[in-house]
Amino acid sequence: MKIRVFLITALCFAFALKPKHGISPGPRADSLRLQKAMESFRLEEGLSIERVASEPLVIDPVAFAFDERNELYVVEDRGYPDPIDGSKAPAIGRIALLRDTNQDGTYDTRHEFAEGLTYPNGILPWKGGVFVTCAPHIYYFKDTDGDGRADIKDIVLTGFNSDKTAQIRISHPILGLDGWVYITSGLNSGTVTSPKHPQRAAVSFTSADGRFDPETFVFENAGGRSQFGLAFDPFGRRFGTSNRHPVMQMMIAPWELKRNPSLAFTETYQNVSNVEANARVMPISKAVTTAEFIPKLMGLSHTGTFTSACGLLIYNGDRLTDAHKGNVFICEPAQNLVQRQLISPAGAGFRSEVADPNKEFLASTDEWFRPVFLTHGPDGSLYLADMYRKVIDHPSYVPEEARHLLDFESGKADGRLYRIFKKGQPVRQSRTDFGNSGQVLSALDSDNEWQRQTAFRIILQHKNADYVPGLKLLATGSSRAESRAAALWLLHHLQALDRELVQKLLQDPSAGVREQAVKLAGHVSPDEAVISGLLAPVAKDTDKRVRFTAALVLGNCKTQVCLEALAKIAAMDGEEKWTRNAVLSGISERLPEFLAAFRKQKAKDARAYALVMQEMGRLFGNAAPVQACQTLLVETLDKNAGEDWRVATILGLAEGVVKRNEFSGTGKTVLLALLAGTSEKSAVTKMEAFMATMNTVALRKDLPLSVRKDAVALLGFYDFQKVKPTLAKTLNAQNPPELQIETVSALTRLAKAEGATLLTQRTTWSGYTPRVKSAVVAALVSNSEFIPVLFKAIEGKAVGAAEISSNDRQRLMNHKDQAVSRQATTYFAELESGGRMKMYQAFRAKLGEPAVAAQGKEVFRRTCSACHSHSEMQGGNVGPDLTGIRNQPPDAILLHILVPNYEVYPAYQALNIETVEGNTLTGWLISETDNSLTIRTAFSTEETILRKNIKTLTNPGLSLMPDGLEQTMSSQELLNLIAFLKSSGEG
C-alpha cells in the first residue's frame, strides 16, 4: 500500500510539473537543488560546465539533437525501466522540442513534438524532421505547419526486437560519410521490413549493428556489436560501446567478408580500450549500482570498472582545448562520471587509454547524476544529457526477491542538459546561418564539428549541383583535412567525382583523407584498368590503415595489377589479422594467381609470411580443386628451407581439406589421402620425413610455443600410431596448458578410442588444470568413439561423474543412441534430480555462517578458473571476469552459482552445433557472417565453422556454466567461495 501511494504521488507530481505546450515554465521552487547538483561536479581543470535546460522543461533525457535552426529535439525515455511487475510498457515516452527564444544560450520554451512512445532512445535530424529509434520501429516525425508538433508520423522501418528489457534495443541513429544512417543493435536482434516498401524481403540480424538508406529505407547488417552508443570520427571510422566495453572500432563490414565464401573469418570489430575488469574508472560518489540499496546485503557492483559504458563521442568541436580534439568521451552513469580517453593509431585500427590515470574528466559526488549521452553543440561545446535518477540499473538485473527494495521511480520527473567548454569563453550569441550555398560551404570548412556535420547533411539532403564547384575547391584547397574528406564524399554523392581529383587526394598529406580517396577510387570509372592505376601505388602507402583500406577496396578489382598490389600488402602487413583477412576476403576464385603473386614478395618477417601461407593453405583446402591442393602440398614438401611457413601451409591445407567429402571413407589420414592422387612417387616419403620432424619439433622445449603448437596440430592429421608417443608426452602436465589443449584437439581429430584412453588415464587425469580438464571433457562427450571410454573411466573411478558438467550430462542422457542414453542415466541420474531453486532457498539460510575468503581462493582455482578470472587470478576466457561481482550481495552470487540458468544473456547462451563430419561443438557465439560463425568453447578456444559444414545448430537458451557445481565442494567450501568472490581476491 505504501508503494502504491508513493507511485501515485510521484505520478501526480510529474504531471504537475509538465509545462504546457509552447509555454515557458517559471522558475522552479527547488532551484537550490539544481545548484547543489552543479556544486557536486568535479571537472577537469580549465573547463566550465553550465546547465542548458532542466526539469520541468526536460525530463528523462537519453538523447538529443540540434537542427540547422538551433532548435533542440530531446528524446525523453520517461517509461524506463520496464514495469517491475512485468506489465505492458507504458507509452509515455516523448520527443520534446526546445527553443531558446532570447538566444541567451539557455532553452526556455518547450513544445510536445511527439508523444505516445514506449522507450524512445535515439534521434537524427533529416529534411526538416527527425528519425527516432523506438523498437520495434524507426519513426520519421516532421512538423509541417510550424506549431511545434509533428503532423507527419511515419514508421519507416519495423521488426526490431522489443521483447527484452528497455536497455537492450536499437539506438543511436547517426549519419555516416557514405550517406547511410547507422544504428546500434542494442545487443538484440530482429527481422526488419519497411512499411514504405512492403514488397521487399525482410532482413534478419542477430546482435549486429545495422544501417539504412534515409531515402529508400533499404536496411543492411553493418557489423559491430554496440549497445547504447555509436560515433564517427571526421574520417568515417565507426566506434561503438557496450556496458563493459567502453570503446570498440568496427573494422570489416559483412559484405566485405561475404566476397569469399571459403574464408572462415567472422570478426567485424575490435576493442580499442581496455575492457571489463581492466576498464578502470575513478568514481567520487558512494552510490555505484543498485547493490547499494539492498539492506545489509548489497554492495557496489563493478565498482571501479566500467559497468554501464554508453553515449560515447569522438569530440572535434572548437570550444574545448586543442588537447581535447579527437579524444573519445564515454559516459558511465552507474558511477556518476564521464571519462576522457586519448586515442591513437595502432596497426589497421586504433588504441585508447585514459587521459588522466588519477581522475576523471567529469565526476560527481551526487549519486543521482546519470550521464547517458554526449554530442557536439552549435557553439562548439561538448553537450551532455543527465537522466538524473536515483537508480539507473534495470530491475531485470537484480535478484527478483530484492527488486521491491529498490526505488526505480525517484527522478522520473527530473532531467538536465549541460554544456562543457573552456573556462572564460562567453556564449556565442550569433547562430550559424545555412540560408544559401555559400554559407553552407563555409560551415563545411569550419573548425566546429557540429557546423561541418550539419552542412554535410544539408548538402546530402539537397544534392544540388550548385555546390559542386565549391566542393571541388574545398576538397583540394581547405586547410582542414576533415573538410577535404567531407567534400570528397559529397562530390561522390552528387555524382561529380572525377579521376583527377581522386588521384590528387590519394597523395594528400593526411592519412585520413587518403583513406577516403581509396574508398572512393572504385567509383570513378567502370574501367578496372583505371581503378588499378589509381590503387596499385597505394600498396606502398606509409600508413597501415590506408593500406588496410586499400586491401578491402582492391578485393573488388579483378585485374592482375590489383592482385599483385594485394600480394604486396599481405607481405608487408600479413602479421596483423585485420589486414591479412582484408586481403583474403577479396581473392575468392583467384587462389592460384594470388599464391603465385605472393610467393614473389619478400615478407617483412618470417611470421607474417607463415600466417598468410597458413590462411592460403586453409583456403585451398576449403575451396580449390583437389589437384591444386595436391600441387600445393607437393611443392611445399619439396622446399628445403623455411620450416615455419611450411608447417603453417600444410597445417592450413589439412584444416581445410579434412572437411571435404572427397577424402572421407578412404581409410587414410587426410594428408596421405591427398597425396594418394599424385604422380609424385617420392611425395609420401617426403611426407613421412616431414612428419617425423614434426614429432621432434613438438617435444623441443627450446622452441617457441607457437611453433610447437603448430607441430602438434599437424600431428592430428597424420597416422595415430606414428604420433601417439609424442601426443602422450605433450599431454603431460609439465607442458604449457596451451600445448596440452592443442594435444586434446589433435587426439579429438584423430578420433581413435585409444586416444580417449590416453586422455582418461588416472595419472594423466589427476594432473589436469581446470582449463585443460574442461577441454578434455568437451572432447570426450563430443565424439562417439570417446563416449564408451569415458563411461569406462567413470566406472573405474578415474573420472568422477560430477566432473562432467550438467549441460554435458544432459546431452549424454538425451543422446540419440539409446545405449548411450541408458548408460548415462545410470551414472548421472542422481546428479540431475532437479530442484535447483529449492536448493538455493535451503542454502540461503546458511549465508550468515562464518566463511574464510582465503580458503575460497583455492575453491575458485579448482572449480571456477577454467572459465572465469578474478582479480589477479587469470583463468579462462569463457565466461565474464568475476572481479566486479565482489560487491554483489551474497544471495545473488549464491543464486547464480546454484541456478546458473536463472538469467542468461543471449551472448552467453550455449549453442550446440553438429557438423556434417559428425562432430559436435558447444560454445557461445562470438561473431558470425553469412558464410560462417565463430563460437568460444568451454575450454576457452575459438572455433570457426563454415555454415556449409553445419548439420544442425540448436540454442537451448542455457548457460555454459554447469548445474550441480555445489556437488564438487562441501557446504563450507561454497561459503568460502562466496566470501572469496566478495573479497579483493588477495590472500
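Before any of the text, the structure's been laid out above.
Residues numbered from 1 in each chain as written. Predicted model: local features only at pLDDT ≥ 70, side-chain atom pairs only at ≥ 80, totals over all residues. Heavy atoms only, no water.

Caption draft 1: Seen up close, the overall build of the protein chain. Helix and strand counts for the protein chain stand at 32 helices and 33 strands. Counting across all 987 residues of the protein chain, residues that qualify as buried make up 58%. Counted over contacts in the protein chain with a minimum sequence separation of 6, partners at least 24 positions apart contribute 65%. Summing over all exposed atoms, the protein chain offers an accessible surface of approximately 38600 Å²; the carbon and sulfur share of this is 52%. (Helix = DSSP H or I, 4+ residues; strand = E, 2+ residues; numbered from the N terminus. Buried < 20%, exposed > 50% of the residue type's maximum accessible area, 1.4 Å probe, protein only. Contact = heavy atoms within 4.5 Å. Areas by Shrake-Rupley, 256 points an atom, 1.4 Å probe, with all protein chains shown as cover.)

Caption draft 2: Seen up close, the packing of aromatic side chains. Taken as a whole, this structure holds 28 aromatic pairs when the rule is applied. An angle of 50° between the planes, with centres 5.9 Å apart, marks the rings of F205 and F219 as tilted. Taken together, the positions of F205 in strand β14 (residues 203–206) and F219 in strand β16 (residues 219–221) put the pair 14 residues apart, joining distant regions of the chain. In this pair, the class of F205 matches that of F219, namely buried. A ring pair is formed by F598 and Y609, whose centres lie 4.9 Å apart and whose planes are at 15°; its orientation type is stacked. Here F598, found in helix α14 (residues 591–599), pairs with Y609, found in helix α15 (residues 606–623); they are eleven residues apart in sequence, far enough to count as distant. In this structure, F598 and Y609 share a single accessibility class: buried. Within the aromatic cluster, the residues linked to one another by ring pairs are F64, F66, Y107, F373 and Y383. In this structure, R319 packs its charged tip against the face of F421, placed 4.0 Å from the ring centre. (Phe/Tyr/Trp six-rings, centres within 6.5 Å; stacked < 30°, edge-to-face > 60°. Lys NZ or Arg CZ within 6 Å of the ring centre and 35° of its normal.)

Caption draft 3: Structural view of the pattern of salt bridges. Evaluation of the coordinates by the stated rule reveals 52 salt bridges. Residues D67 and R69 are paired through a salt bridge, measuring 2.8 Å at the closest nitrogen-oxygen approach. With a relative accessible area of 41%, R69 lands in the partly exposed category. R110 is paired through a salt bridge with E76; the nearest N and O atoms lie 2.7 Å apart. Of this pair, R110 sits in strand β6 (residues 109–117) while E76 sits in strand β4 (residues 72–76); the two residues are 34 residues apart in sequence, bridging distant segments of the chain. (Salt bridge = Lys/Arg side-chain N within 4 Å of Asp/Glu carboxyl O.)

Caption draft 4: A look at the packing of helix α19 (residues 683–699) against helix α21 (residues 720–730). At a minimum axis separation of 9 Å, α19 and α21 run at an interaxial angle of 15°. The pairing of α19 with α21 is recorded here as roughly parallel in orientation. When you trace α19 past α21, the crossing you get is left-handed. Note on element contacts: α21 touches α19 through K722, V723, T726, K729 and T730, opposite E688, N695, A698 and L699. Classifying every residue of the contact of α19 with α21 gives three nonpolar, three polar and three charged. (Axes fitted to C-alpha atoms, helices over the stretch in contact; angles between N-to-C directions. Parallel < 35°, antiparallel > 145°, perpendicular 65-115°, else oblique. Left-handed = near helix turned anticlockwise from the far one by under 90°. Nonpolar A, V, L, I, M, F, W, Y, C, P; charged D, E, K, R; others polar.)

Caption draft 5: Summary view of the state of the cysteines. All told, the structure shown has one disulfide when counted by the stated rule. Shown here is the disulfide that connects C557 with C562, its sulfur atoms set 2.4 Å apart. In this structure, the disulfide formed by C557 and C562 twists by about 75° around the S-S bond and is classed as right-handed. The exposure classification of C557 matches that of C562, with both residues buried. (Disulfide = S-S within 2.5 Å.)

Caption draft 6: Main features of the sheet that holds β14. Sheet architecture is open: six strands sit in the order β7-β8-β9-β10-β13-β14, paired in antiparallel fashion. Each edge of the open sheet is held by one strand with a lone partner, namely β7 (122–126) and β14. Strand-to-strand twist of the sheet, defined as the mean angle between neighbouring strand axes without regard to direction, takes the value 25°. (Pairing = 2+ DSSP bridges.)

Caption draft 7: Representation of helix α27 (residues 806–813) in the model. Across the eight residues of α27, six count as buried, placing the element largely inside the fold. By the burial criterion, the buried members of α27 are S806, N807, D808, R809, L812 and M813.

Caption draft 8: View of helix α9 (residues 511–521). Counting buried residues in α9 gives ten out of eleven residues, a clear majority hidden from the surface. Considered for burial, the residues of α9 that qualify are A511, G512, V513, R514, E515, Q516, A517, V518, L520 and A521. Of the residues that open α9, the one with a side-chain oxygen 3.2 Å from the backbone nitrogen of G512 is S510. (Polar contact = N/O pair within 3.5 Å; in protein donor to acceptor, adjacent residues only side chain to side chain.)

Caption draft 9: Layout of the sheet that holds β4. Read from one edge of the open sheet, four strands run β3-β4-β5-β6, paired in antiparallel fashion. The open sheet terminates on both sides in strands that have one partner only, identified here as β3 (61–66) and β6. Pairs of neighbouring strands in the sheet enclose a mean axial angle of 20°, with direction left out of account. Across five bridges, the pairing between β3 and β4 is antiparallel. Counterpart to F64 in the pairing with β4 is V74.

Caption draft 10: Spatial organisation of the packing of helix α31 (residues 890–898) against helix α32 (residues 971–981). For the pair α31 and α32, the least separation of the axes is 10 Å and the interaxial angle reads 120°. For the element pair α31 / α32, the angle class is oblique. Read as a crossing pair, α31 and α32 show a hand that is right-handed. Residues P890, I893, L894, I897 and L898 of α31 pack against L974, L977, I978 and L981 of α32. Looking at the contact of α31 with α32, its residues break down into nine nonpolar, no polar and no charged.

Caption draft 11: The side chain of T636, seen in detail. Examined against the element boundaries, T636 turns out to sit in helix α16 (residues 626–638). We classify T636 as buried; its relative accessible area is 1%. Those residues in contact with T636, other than ones at most four positions away along the chain, are W645, R646, T649 and I650.

Caption draft 12: Expanded view of the environment of S865. The topology assignment puts S865 in the loop between α30 (853–863) and α31. Take S865: its relative accessible area is 10%, and that puts it in the buried class. Sequence spacing of S865 and V878 is 13 residues, and the spatial spacing of their C-alpha atoms is 9.7 Å. At 2.5 Å, the side chain of S865 forms a polar contact with the backbone oxygen of R861.

Caption draft 13: Region of the structure containing the environment of Q972. Within the element layout of this structure, Q972 appears in helix α32. Relative accessible area serves as the criterion here: at 36%, Q972 is assigned to the partly exposed category. C-alpha of Q972 to C-alpha of A851: the two residues are 121 residues apart in sequence and 7.1 Å apart in space. Each residue touching Q972, except ones within four places of it in the same chain, is listed here: P850 and A851.

Caption draft 14: Examining unusual backbone geometry more closely. Cis geometry is found at the peptide bond from Y80 to P81, where omega equals -5°. Take P81: it is sitting in the loop between β4 and β5 (93–99). Here the residue pair A135 and P136 is connected by a cis peptide bond, since its omega of 15° sits within 30 degrees of zero. In this structure, P136 sits in the loop between β8 (129–134) and β9 (137–142). The residue K127 is not glycine, and still its phi comes out positive at about 50°. Here K127 falls in the partly exposed class, since its relative accessible area comes to 32%. Phi at Q495 is positive, roughly 55°, even though this residue is not glycine. If you trace the backbone, Q495 turns up in the loop between α7 (481–493) and α8 (499–505). On the basis of relative accessibility, which here comes to 76%, the residue Q495 falls in the exposed class.

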